Amino acid sequence: MLAHGSGGEESAHLISELFASRFDNPILRQNEDAACLPGVKSPAFCTDSFTVTPLFFNGGDIGKLSICGTANDLAMMGAQPLYLSCSFVIEEGTKISILERIVDSMAEQLQKIGAQIVTGDTKVLPKGAVDGVIINTSGIGEIRHPNISCQNLRPDDVVMVSGSVGDHGAEIFSRREGINLSGNLCSDCQLLWPMVEKILETGASVSAMRDATRGGLSAVLHEWVRASNVEIEVEESAIPLKSPVKGVCELLGFEPYHLANEGMFVLAVAKKDSQNVLELLQNAPGGEHARAIGRVKTGNQRVVLTSSWGTKRLMEYPSGELLPRIC
Ligand code: MG
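Residues numbered from 1 in each chain as written. Predicted model: local features only at pLDDT ≥ 70, side-chain atom pairs only at ≥ 80, totals over all residues. Heavy atoms only, no water.

Enquirer: Can you walk me through helix α7 (residues 216-228) in this structure?
Expert: The α-helix advances 3.6 residues per turn, and as a result positions three or four apart in sequence lie on the same side. With 13 residues, α7 extends 19 Å from end C-alpha to end C-alpha; this agrees with the ideal 18 Å at 1.5 Å per step. Where the residues of α7 are buried, they touch β7 (158-161), β8 (206-211), β9 (231-235), β10 (265-269), β11 (291-297) and β12 (303-306). A positive phi of about 55° marks Asn229, the residue just after α7. (Helix = DSSP H or I, 4+ residues; strand = E, 2+ residues; numbered from the N terminus. Expected span 1.5 Å × (residues − 1). Contact = heavy atoms within 4.5 Å.)

Enquirer: Explain the coordination of the magnesium ion here, please?
Expert: Tetrahedral coordination by four donors puts the ideal angle at the metal at 109.5 degrees, and octahedral coordination by six puts it at 90 or 180 degrees. Distances from the magnesium ion to its protein donors, Asp73 (OD) and Asp211 (OD), fall at 2.1 Å. Residue Asp73 is located in helix α3 (residues 62-75), and its partner Asp211 is located in strand β8; the two are separated by 138 residues in the primary sequence. Of the residues examined, Asp73 reaches a relative accessible area of 26% and is grouped as partly exposed. Take Asp211: its relative accessible area is 8%, and that puts it in the buried class. (Donors = N, O, S within 2.8 Å, 3.2 Å for Na, K, Ca; no water. Buried < 20%, exposed > 50% of the residue type's maximum accessible area, 1.4 Å probe, protein only.)

Enquirer: Would you take a moment to explain the sheet that holds strand β5 (residues 116-125) for this structure?
Expert: Adjacent strands of a sheet pair through backbone hydrogen bonds, lying either parallel or antiparallel. Pairing is mixed in the open sheet, where 4 strands are placed in the order β1-β6-β4-β5. Every other strand in the sheet has two partners, leaving β1 (43-50) and β5 as the edge strands with one partner each. On average, each strand axis in the sheet is tilted by 15° relative to the strand beside it, whichever way the strands run. Sheet analysis places strand β4 (residues 79-91) next to β5, joined by 9 bridges and oriented parallel. In the strand pairing of β5, Cys86 is matched with Gly120. Sheet strands touched by helix α1 (residues 9-23): β4 and β5. Its angle to β5, the strand with the most contacts, is close to 155°. (Pairing = 2+ DSSP bridges. Axes fitted to C-alpha atoms, helices over the stretch in contact; angles between N-to-C directions.)

Enquirer: What's the story with the environment of Cys249 in this structure? I'm lost.
Expert: With respect to the helices and strands, the residue Cys249 is situated in helix α8 (residues 243-252). Given a relative accessible area of 4%, Cys249 falls into the buried group. For the pair Cys249 and Glu92, spaced 157 residues apart in sequence, the C-alpha separation works out to 36 Å. Here Cys249 is in contact with Phe254, Glu255, Pro256 and Leu259, once residues within four sequence places are set aside.

Enquirer: What should I look at first to understand the sheet that holds β10 in this one?
Expert: Strand order in this open sheet of 7 strands is β8-β10-β7-β11-β9-β12-β13, and the pairing throughout is mixed. One side of each edge strand has no neighbouring strand; the edge strands of this open sheet are β8 and β13 (312-314). For this sheet, the mean inter-axis angle between neighbouring strands, taken without regard to orientation, is 25°. When β7 meets β11, the two strands line up antiparallel, connected through 4 bridges. Paired with Val159 across the bridge in β11 is Gly294.

Enquirer: Can you help me understand the packing of aromatic side chains in this one?
Expert: Ring pairs (aromatic) are described by centroid distance and by the angle formed between their planes. Within this structure, the stated rule accounts for 3 aromatic pairs. By way of ring pairs, the aromatic residues Phe19, Phe23 and Phe88 are connected into one cluster. (Phe/Tyr/Trp six-rings, centres within 6.5 Å; stacked < 30°, edge-to-face > 60°.)

Enquirer: Explanation requested: helix α5 (residues 167-177) in the structure shown.
Expert: Burial analysis of α5 places 8 of its 11 residues in the buried class, the great majority of the element. Every buried residue of α5 is listed here: Asp167, His168, Gly169, Ala170, Glu171, Ile172, Phe173 and Ser174. Check the buried side of α5 and you find it contacts β2 (56-57), α3 and α8. Backbone geometry just downstream of α5 places Gly178 in the positive-phi region, at approximately 70°.

Enquirer: Hey, could you run me through the pattern of salt bridges in this one?
Expert: In this structure the tally under the stated criterion is 13 salt bridges. For the salt bridge of Arg302 with Glu231, the shortest nitrogen-to-oxygen distance reads 3.1 Å. Highlighted residues: Arg302 in the loop between β11 and β12 and Glu231 in strand β9, separated in sequence by 71 residues. Using a relative accessible area of 38% as the deciding quantity, one classes Arg302 as partly exposed. Look at Glu231 and you get buried, because its relative accessible area is 7%. (Salt bridge = Lys/Arg side-chain N within 4 Å of Asp/Glu carboxyl O.)

Keep in mind that these numbers describe shape and distance, not what the molecule does.
If you want it as C-alpha coordinates, here you go:
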(Lines give C-alpha, C1' and ligand atoms only; values in the text may rest on other atoms or scores of the structure.)
Protein backbone atom coordinates (compact mmCIF):
# COMPACT_ATOMS: atom_id res chain seq x y z
CA MET A 1 0.00 0.00 0.00
CA LEU A 2 1.07 3.62 -0.49
CA ALA A 3 0.89 3.97 3.30
CA HIS A 4 3.86 1.60 3.61
CA GLY A 5 6.04 4.40 2.25
CA SER A 6 4.49 7.23 4.22
CA GLY A 7 6.80 7.18 7.21
CA GLY A 8 4.02 6.32 9.65
CA GLU A 9 2.99 3.19 11.46
CA GLU A 10 2.70 1.04 8.32
CA SER A 11 6.22 2.06 7.25
CA ALA A 12 7.62 1.21 10.65
CA HIS A 13 5.91 -2.17 10.50
CA LEU A 14 7.23 -2.92 7.00
CA ILE A 15 10.75 -1.90 7.97
CA SER A 16 10.85 -4.01 11.11
CA GLU A 17 9.07 -7.07 9.67
CA LEU A 18 10.56 -7.14 6.20
CA PHE A 19 14.01 -5.57 6.43
CA ALA A 20 15.29 -5.25 10.00
CA SER A 21 14.56 -8.87 10.81
CA ARG A 22 16.56 -10.13 7.81
CA PHE A 23 19.40 -7.59 7.76
CA ASP A 24 19.82 -7.41 11.55
CA ASN A 25 23.22 -6.24 12.80
CA PRO A 26 24.45 -3.94 15.61
CA ILE A 27 24.86 -0.87 13.37
CA LEU A 28 21.41 -1.18 11.80
CA ARG A 29 19.88 -1.86 15.20
CA GLN A 30 20.86 1.63 16.41
CA ASN A 31 18.00 2.89 14.24
CA GLU A 32 19.54 6.34 13.82
CA ASP A 33 19.27 8.76 10.90
CA ALA A 34 22.66 7.67 9.61
CA ALA A 35 24.81 4.62 10.17
CA CYS A 36 27.88 5.36 12.26
CA LEU A 37 30.68 3.15 10.94
CA PRO A 38 33.89 2.04 12.57
CA GLY A 39 36.97 3.35 10.79
CA VAL A 40 37.62 1.90 7.35
CA LYS A 41 41.22 2.20 6.21
CA SER A 42 41.46 3.18 2.58
CA PRO A 43 37.75 3.00 1.69
CA ALA A 44 36.29 2.36 -1.77
CA PHE A 45 32.73 3.56 -2.39
CA CYS A 46 30.27 2.78 -5.18
CA THR A 47 26.58 2.80 -6.02
CA ASP A 48 24.24 1.10 -8.47
CA SER A 49 20.51 0.88 -9.15
CA PHE A 50 18.89 -2.37 -10.20
CA THR A 51 15.90 -2.77 -12.46
CA VAL A 52 15.29 -6.09 -14.13
CA THR A 53 12.36 -7.79 -15.80
CA PRO A 54 11.52 -10.45 -14.77
CA LEU A 55 12.32 -9.96 -11.07
CA PHE A 56 13.11 -13.67 -10.69
CA PHE A 57 15.12 -15.63 -13.23
CA ASN A 58 17.20 -18.76 -13.51
CA GLY A 59 20.31 -18.22 -11.39
CA GLY A 60 19.12 -15.21 -9.46
CA ASP A 61 16.67 -12.41 -8.79
CA ILE A 62 16.75 -8.64 -8.37
CA GLY A 63 17.75 -9.00 -4.70
CA LYS A 64 20.76 -11.21 -5.40
CA LEU A 65 21.67 -8.89 -8.26
CA SER A 66 21.53 -5.80 -6.03
CA ILE A 67 24.03 -7.25 -3.55
CA CYS A 68 26.32 -8.93 -6.08
CA GLY A 69 26.41 -5.91 -8.38
CA THR A 70 27.59 -3.47 -5.75
CA ALA A 71 29.84 -5.91 -3.88
CA ASN A 72 31.45 -6.91 -7.19
CA ASP A 73 32.26 -3.31 -8.13
CA LEU A 74 34.09 -2.97 -4.80
CA ALA A 75 35.90 -6.28 -5.30
CA MET A 76 37.09 -5.12 -8.72
CA MET A 77 39.09 -2.40 -6.96
CA GLY A 78 40.68 -4.95 -4.64
CA ALA A 79 38.31 -3.86 -1.86
CA GLN A 80 36.57 -6.22 0.55
CA PRO A 81 32.85 -5.30 0.64
CA LEU A 82 31.87 -4.32 4.20
CA TYR A 83 28.91 -1.93 4.45
CA LEU A 84 25.99 -1.51 2.08
CA SER A 85 22.96 0.71 1.91
CA CYS A 86 19.74 -0.37 0.26
CA SER A 87 16.91 1.76 -1.04
CA PHE A 88 13.72 0.19 -2.29
CA VAL A 89 11.30 1.92 -4.64
CA ILE A 90 8.21 -0.29 -4.71
CA GLU A 91 5.12 -0.17 -6.89
CA GLU A 92 1.87 -0.02 -4.98
CA GLY A 93 0.22 -3.44 -5.03
CA THR A 94 3.44 -5.44 -4.98
CA LYS A 95 2.90 -8.55 -2.89
CA ILE A 96 4.68 -8.73 0.46
CA SER A 97 5.60 -12.33 -0.34
CA ILE A 98 7.55 -11.14 -3.40
CA LEU A 99 9.42 -8.59 -1.29
CA GLU A 100 10.18 -11.28 1.28
CA ARG A 101 11.75 -13.50 -1.37
CA ILE A 102 13.85 -10.60 -2.61
CA VAL A 103 15.06 -9.57 0.84
CA ASP A 104 15.77 -13.19 1.82
CA SER A 105 17.90 -13.50 -1.28
CA MET A 106 19.81 -10.31 -0.38
CA ALA A 107 20.45 -11.54 3.16
CA GLU A 108 21.76 -14.86 1.83
CA GLN A 109 24.35 -13.12 -0.36
CA LEU A 110 25.42 -10.69 2.38
CA GLN A 111 26.05 -13.58 4.70
CA LYS A 112 28.37 -15.27 2.21
CA ILE A 113 30.90 -12.44 2.41
CA GLY A 114 30.13 -11.07 5.86
CA ALA A 115 28.92 -7.71 4.53
CA GLN A 116 26.13 -5.76 6.23
CA ILE A 117 23.26 -3.51 5.23
CA VAL A 118 23.72 -0.57 7.62
CA THR A 119 21.22 1.93 6.27
CA GLY A 120 18.23 1.95 3.96
CA ASP A 121 15.08 3.58 2.72
CA THR A 122 11.70 2.55 1.33
CA LYS A 123 9.36 4.45 -0.95
CA VAL A 124 6.07 3.21 -2.36
CA LEU A 125 4.90 4.79 -5.63
CA PRO A 126 1.36 4.66 -7.08
CA LYS A 127 0.52 1.72 -9.30
CA GLY A 128 2.02 2.16 -12.76
CA ALA A 129 4.63 4.72 -11.67
CA VAL A 130 7.33 2.06 -11.48
CA ASP A 131 7.54 -1.48 -12.82
CA GLY A 132 7.48 -3.64 -9.70
CA VAL A 133 10.58 -2.94 -7.67
CA ILE A 134 13.72 -0.86 -8.13
CA ILE A 135 16.58 -1.34 -5.69
CA ASN A 136 19.54 0.94 -5.18
CA THR A 137 22.51 -0.27 -3.20
CA SER A 138 25.68 1.62 -2.35
CA GLY A 139 28.70 0.00 -0.79
CA ILE A 140 31.83 0.77 1.17
CA GLY A 141 34.75 -1.61 1.04
CA GLU A 142 38.28 -1.62 2.39
CA ILE A 143 40.99 -1.67 -0.24
CA ARG A 144 43.24 -4.66 0.44
CA HIS A 145 45.31 -4.44 -2.71
CA PRO A 146 45.94 -0.93 -4.05
CA ASN A 147 46.95 0.07 -7.58
CA ILE A 148 44.40 -2.00 -9.46
CA SER A 149 43.22 0.36 -12.16
CA CYS A 150 41.84 0.51 -15.68
CA GLN A 151 44.80 2.83 -16.38
CA ASN A 152 47.38 0.20 -15.38
CA LEU A 153 47.39 -2.20 -18.32
CA ARG A 154 50.90 -2.84 -19.60
CA PRO A 155 52.11 -4.42 -22.83
CA ASP A 156 52.48 -8.20 -22.42
CA ASP A 157 49.83 -8.43 -19.70
CA VAL A 158 47.66 -11.50 -20.19
CA VAL A 159 43.93 -10.82 -20.48
CA MET A 160 41.66 -13.47 -19.01
CA VAL A 161 38.01 -13.95 -18.16
CA SER A 162 36.84 -15.67 -14.98
CA GLY A 163 33.95 -17.41 -16.71
CA SER A 164 31.90 -17.86 -19.85
CA VAL A 165 30.52 -14.88 -21.68
CA GLY A 166 26.95 -13.53 -21.90
CA ASP A 167 25.16 -15.90 -19.51
CA HIS A 168 23.12 -13.25 -17.68
CA GLY A 169 22.06 -11.33 -20.77
CA ALA A 170 21.06 -14.48 -22.63
CA GLU A 171 18.98 -15.76 -19.70
CA ILE A 172 17.12 -12.46 -19.16
CA PHE A 173 16.47 -11.92 -22.84
CA SER A 174 15.24 -15.42 -23.55
CA ARG A 175 13.00 -15.39 -20.48
CA ARG A 176 11.50 -12.07 -21.44
CA GLU A 177 10.92 -13.11 -25.04
CA GLY A 178 9.66 -16.56 -24.12
CA ILE A 179 12.48 -18.27 -26.00
CA ASN A 180 13.32 -21.59 -24.45
CA LEU A 181 16.09 -23.21 -26.41
CA SER A 182 17.02 -26.05 -24.16
CA GLY A 183 16.20 -24.84 -20.69
CA ASN A 184 19.89 -24.71 -19.86
CA LEU A 185 20.30 -20.96 -19.76
CA CYS A 186 21.25 -19.62 -16.35
CA SER A 187 22.44 -16.22 -15.17
CA ASP A 188 25.99 -16.22 -13.82
CA CYS A 189 24.96 -13.83 -11.02
CA GLN A 190 27.41 -14.43 -8.15
CA LEU A 191 29.71 -12.70 -5.67
CA LEU A 192 33.23 -12.27 -6.99
CA TRP A 193 35.01 -11.28 -3.78
CA PRO A 194 35.85 -14.88 -2.74
CA MET A 195 37.70 -15.46 -6.03
CA VAL A 196 39.32 -12.03 -5.98
CA GLU A 197 40.49 -12.45 -2.39
CA LYS A 198 42.23 -15.72 -3.26
CA ILE A 199 44.05 -14.12 -6.18
CA LEU A 200 45.14 -11.06 -4.22
CA GLU A 201 46.41 -13.21 -1.34
CA THR A 202 48.98 -14.76 -3.69
CA GLY A 203 50.49 -11.32 -4.31
CA ALA A 204 50.03 -11.79 -8.06
CA SER A 205 50.67 -8.71 -10.15
CA VAL A 206 47.12 -7.83 -11.24
CA SER A 207 46.99 -4.68 -13.39
CA ALA A 208 43.22 -4.34 -13.73
CA MET A 209 39.96 -6.13 -12.98
CA ARG A 210 36.47 -5.23 -14.13
CA ASP A 211 33.19 -7.11 -13.98
CA ALA A 212 31.72 -7.48 -17.45
CA THR A 213 28.20 -6.22 -16.71
CA ARG A 214 26.24 -4.02 -19.15
CA GLY A 215 28.08 -3.89 -22.46
CA GLY A 216 29.69 -7.24 -21.68
CA LEU A 217 33.26 -8.24 -22.38
CA SER A 218 33.49 -5.80 -25.27
CA ALA A 219 32.71 -2.72 -23.16
CA VAL A 220 35.38 -3.67 -20.59
CA LEU A 221 38.07 -4.18 -23.22
CA HIS A 222 37.21 -0.93 -25.00
CA GLU A 223 37.22 1.01 -21.71
CA TRP A 224 40.63 -0.45 -20.93
CA VAL A 225 42.35 0.28 -24.25
CA ARG A 226 41.22 3.90 -23.95
CA ALA A 227 42.13 4.35 -20.29
CA SER A 228 45.57 2.73 -20.65
CA ASN A 229 46.29 3.80 -24.24
CA VAL A 230 47.09 0.28 -25.42
CA GLU A 231 45.79 -2.33 -27.84
CA ILE A 232 44.28 -5.65 -26.79
CA GLU A 233 44.41 -8.67 -29.04
CA VAL A 234 41.84 -11.36 -28.33
CA GLU A 235 41.80 -14.86 -29.76
CA GLU A 236 38.16 -15.30 -30.67
CA SER A 237 38.12 -19.08 -30.28
CA ALA A 238 39.47 -18.76 -26.72
CA ILE A 239 36.42 -16.80 -25.46
CA PRO A 240 34.44 -19.30 -23.37
CA LEU A 241 30.86 -19.50 -24.54
CA LYS A 242 28.19 -21.96 -23.43
CA SER A 243 26.22 -23.54 -26.23
CA PRO A 244 22.75 -22.29 -25.12
CA VAL A 245 24.14 -18.73 -25.04
CA LYS A 246 25.65 -19.25 -28.47
CA GLY A 247 22.27 -20.50 -29.64
CA VAL A 248 20.42 -17.39 -28.43
CA CYS A 249 23.03 -15.17 -30.05
CA GLU A 250 22.83 -16.97 -33.37
CA LEU A 251 19.05 -16.88 -33.34
CA LEU A 252 18.79 -13.20 -32.55
CA GLY A 253 21.92 -11.81 -34.13
CA PHE A 254 23.70 -10.76 -30.95
CA GLU A 255 27.42 -10.76 -30.38
CA PRO A 256 27.92 -12.80 -27.20
CA TYR A 257 30.66 -10.47 -26.02
CA HIS A 258 28.12 -7.61 -25.95
CA LEU A 259 25.81 -9.44 -23.55
CA ALA A 260 25.82 -8.68 -19.83
CA ASN A 261 27.32 -10.88 -17.16
CA GLU A 262 26.72 -10.55 -13.44
CA GLY A 263 29.30 -12.93 -12.04
CA MET A 264 32.18 -12.84 -14.48
CA PHE A 265 35.14 -10.49 -14.51
CA VAL A 266 37.97 -9.64 -16.85
CA LEU A 267 41.53 -9.47 -15.54
CA ALA A 268 44.81 -8.18 -16.90
CA VAL A 269 47.67 -9.97 -15.17
CA ALA A 270 51.45 -9.75 -15.58
CA LYS A 271 52.61 -12.62 -17.79
CA LYS A 272 54.83 -14.11 -15.07
CA ASP A 273 51.81 -14.63 -12.77
CA SER A 274 49.19 -15.41 -15.39
CA GLN A 275 49.38 -19.21 -15.30
CA ASN A 276 49.07 -19.29 -11.51
CA VAL A 277 46.14 -16.91 -11.50
CA LEU A 278 44.37 -18.87 -14.23
CA GLU A 279 44.74 -22.17 -12.37
CA LEU A 280 43.57 -20.55 -9.17
CA LEU A 281 40.46 -19.23 -10.92
CA GLN A 282 39.72 -22.56 -12.58
CA ASN A 283 39.89 -24.32 -9.22
CA ALA A 284 37.68 -21.78 -7.44
CA PRO A 285 33.90 -22.20 -7.25
CA GLY A 286 32.40 -20.08 -10.03
CA GLY A 287 35.67 -19.85 -11.96
CA GLU A 288 35.62 -23.25 -13.67
CA HIS A 289 35.29 -21.75 -17.15
CA ALA A 290 38.09 -19.20 -16.74
CA ARG A 291 40.30 -18.80 -19.81
CA ALA A 292 43.17 -16.65 -20.98
CA ILE A 293 41.77 -14.94 -24.07
CA GLY A 294 44.36 -12.44 -25.18
CA ARG A 295 47.14 -10.04 -24.46
CA VAL A 296 47.94 -6.37 -24.15
CA LYS A 297 50.11 -4.74 -26.82
CA THR A 298 51.38 -1.27 -27.50
CA GLY A 299 49.06 0.19 -30.05
CA ASN A 300 46.20 2.29 -31.01
CA GLN A 301 43.38 2.01 -28.45
CA ARG A 302 41.62 -0.77 -30.28
CA VAL A 303 40.46 -4.30 -29.58
CA VAL A 304 41.45 -6.80 -32.26
CA LEU A 305 39.88 -10.22 -32.64
CA THR A 306 42.04 -12.88 -34.24
CA SER A 307 40.42 -15.96 -35.75
CA SER A 308 41.83 -19.45 -35.88
CA TRP A 309 42.38 -18.81 -39.62
CA GLY A 310 44.79 -16.02 -38.76
CA THR A 311 42.46 -13.26 -39.92
CA LYS A 312 41.92 -10.15 -37.83
CA ARG A 313 38.96 -7.87 -37.31
CA LEU A 314 38.05 -5.17 -34.83
CA MET A 315 35.79 -6.06 -31.92
CA GLU A 316 32.88 -3.64 -32.03
CA TYR A 317 32.04 -1.40 -29.11
CA PRO A 318 28.45 -2.13 -28.04
CA SER A 319 26.09 0.65 -29.06
CA GLY A 320 22.39 1.37 -28.96
CA GLU A 321 19.92 -0.07 -26.49
CA LEU A 322 20.65 -3.76 -26.42
CA LEU A 323 18.57 -4.94 -23.52
CA PRO A 324 16.68 -2.47 -21.35
CA ARG A 325 16.08 -3.27 -17.67
CA ILE A 326 18.52 -6.09 -17.43
CA CYS A 327 20.48 -5.46 -14.27
MG1 MG B 1 31.65 -2.80 -12.63
